[in-house]
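Reading the structure
Each chain is listed here by its residues.
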Amino acid sequence: MSTIRYMLCIALWIWSVILPWTLLGTVTTIIAGFLLLMYPAWDSKKKDSNGHPNKPRHEKWFYAWLIGLSALGGFWALFLPLALNQKFDGPNADGNQLRLHLLYITGGVLALITLGETHRKNTVDREKAKVEKNNYEKSQTHQENVLKEQQRQFNETIAKERERIEVDKAKNKQDHIRQVHAERHSRYTTAIEQLSSDKASIRLGGVYALIGLANEWLADNSLTKEEQYKEGQIIINNLCAYIRSPFSLAERHKELTLSYTKYQKNYQNNSQTLQSREEFAEDKALFQKEGEIRQAITDAIHTHLQGEGARGGLWSHFEYDFSNAIFFYNFNLDNTTFKKSVFFKGTTFTKSVTFNDTEFSNHVTFKEANFIGNVSFNKGSIFPKGVSFEDATFFDGVIFKATDFKFNIEDIEGYYLSFDRATFACSSDFTEVAFIQVKFDAYPTFRQTTFDNDVSFVGGTAFEVGASFEKATFIGNVNFGGAIFSDDDINFDKAQFAHGYHNVFENYQSQYQIEFDTHISPDGMCTIIPKGCIVFDPKTKESIPNYRDILVLFDKKNTSTSKTPETDKKLAMSVWPKNNASDTHP
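So, here's what we can say about the structure.

Rules and cut-offs
Residues numbered from 1 in each chain as written. Predicted model: local features only at pLDDT ≥ 70, side-chain atom pairs only at ≥ 80, totals over all residues. Heavy atoms only, no water. Axes fitted to C-alpha atoms, helices over the stretch in contact; angles between N-to-C directions. Helix = DSSP H or I, 4+ residues; strand = E, 2+ residues; numbered from the N terminus. Parallel < 35°, antiparallel > 145°, perpendicular 65-115°, else oblique. Left-handed = near helix turned anticlockwise from the far one by under 90°. Contact = heavy atoms within 4.5 Å. Pairing = 2+ DSSP bridges. Buried < 20%, exposed > 50% of the residue type's maximum accessible area, 1.4 Å probe, protein only. Expected span 1.5 Å × (residues − 1). Arc of directions from axis to C-beta.

Side note on the packing of helix α4 (residues 200-218) against helix α8 (residues 277-304)
The geometry of α4 relative to α8 is characterised by a closest axis approach of 9 Å and an angle of 10° between their N-to-C directions. Relative to α8, the element α4 is oriented roughly parallel. α8 is crossed by α4, and the crossing has right-handed handedness. Along the contact surface, α4 presents A200, R203, L204, V207, Y208, I211 and N215, while α8 presents K289, E290, I293, A296, I297, A300 and H304.

As for the sheet that holds strand β17 (residues 423-424)
The sheet built from 9 strands is open, its strands ordered β2-β6-β10-β13-β17-β20-β24-β28-β33 with parallel pairing. Each of the sheet's edge strands pairs with one partner strand only, and the pair in question is β2 (326-327) and β33 (534-536). Judged from the 2 bridges that link them, strand β10 (residues 370-371) and strand β13 (residues 393-394) form a sheet pairing that is parallel. The residue of β13 that forms the bridge with N370 is T393.

Concerning the sheet that holds strand β5 (residues 342-343)
Backbone hydrogen bonds hold the strands of a sheet together, and the pairing may be parallel or antiparallel. The parallel open sheet is built from 5 strands, whose spatial order is β1-β5-β9-β12-β16. Of all the strands in the sheet, just β1 (320-321) and β16 (417-418) have a single pairing partner and so form its edges. Two elements, strand β12 (residues 387-388) and β16, share 2 bridges in a ladder whose sense is parallel. Bridge pairing in β16 links S388 to S418.

Things to note about the pairing of strand β32 (residues 526-530)
In terms of residue burial, β32 counts as a mostly covered element, since 5 of its 5 residues are buried. Across the two faces of β32 the burial is the same, with C526, I528 and P530 and T527 and I529 all buried. With 5 bridges connecting them, strand β31 (residues 516-520) and β32 associate as antiparallel partners. Bridge pairing in β32 places D517 opposite I529. Connecting β31 to the next strand, β32, in antiparallel fashion are 5 residues, including G524 with a positive phi near 90°.

A short note on α4
The terminal C-alpha atoms of α4 lie 27 Å apart, and with 19 residues this matches the ideal 27 Å at 1.5 Å per residue to within 8%. The complete set of buried residues in α4 reads A200, R203, G206, V207, L210, I211, L213, A214, W217 and L218. Across the axial projection of α4, the buried residues extend over an arc of 160°, all falling on one side.

Okay, here's the thing in structure tokens:
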């Protein structure tokens, strides 16, 4: 009985003491081992090559530990009071209090774990967010750099492509320009060849082709102004050369402008053999066709020299050389402007020629020119750098009206205004050689000039710096009425005035006294002439002595040719023919 009791006591002790502690230890070991092995709350210390732990904690460790610790806490709260043999006989019994505190502790541990995990997650989230932000910023920066690089590469590609296109365009443009210029040079060569054709229509086509080419060169913006004028000047030189080229029928301009009937009538007594009607008609047709071709050139020049303003026309900046040309057709250069030099040396004008309101801005020469028809320099023709009419011959009417020989005073040296040895041999129906309202700002020279008919310097014609008529010959009426002499250098030394004509020097304006003399011819004709001049017989070309000089020779007491009371008395008593005509002077 005692044994049974002893065994029952042992069994009761085991049940009440050993079994609870055994259960507590076993359950605790199982739960702890399970959590530590299957759901560790930390990463392994060993890391791989990328810096990551070899064995990271399980992603569900937090939930596993919450369940494990809750179960472990509940198990300890249930069995620990039993293991300690606590009493449960009231709310305040030790067993109940211990269970309550164990549950509090378990709840607190769970709360701390939860807070710690929450803090960790927040920290991780912040770090993750920061990393993501940095990664995003890096990604954005990278994308921006990539875009910038792509934009740079794109721009570089576009720039290279544009450069290539521009190079190709420039090359194509240059190729096109070369082709155009080559084509023009080819057309120029063809046009020059056409000028040498024996067919008038082909020559005329060549002329128009050259005119068109000149305008094309001037309108070519791919060239500089100098290059434009250089190419254009070549064409102008060829057109002028064609005008200068000899044409045998030009010498027969008088007869080939007549009808065949008048030709027979006027030339039948000449030594030359008359042509048949057919021959005359053939030559006249050639003469007219060639005149049309050459006049087409001069008309084009005239048209292209006209322009508004100081710049002049499209062709005003070219030089023109018409030296030794024969203009057997009308030549009109009215309202034109020449900016470069113009040469008419030795040129023959068989018909009328007009230079009305024409400006020669550079040197111009009519030296040795022959004006067979009328010539006019009216309406303000301007010669600012001089003009030479030396040895020129005017066979018909010539008028300089309102012409301005106005030089730049600062550049006057080297410029000229010369009519020396010119001949004004006008026809029988000629009225006058007239200088009307002309202004000579330079020193004009008429040395050894011959005026074969009337000449007048009237209407306010002004000699601003003097003039020279030394050894000039006047065969006709001479009129200086109203002329203005602003300088005392007026030279009539040894000038010759024809007997029988009326010379007018009245109403001239000058602050300097010009001395005149009255020449009395044997027939009693009185001719007013400047002192030092000669009166001659236009038929014999011999000088006529002045009766006053003869009277002085007979008067041994008089040694002066000046007019004295004694001389007047002898003139009144003389049997020399009395004055039948009188000239006037100031």
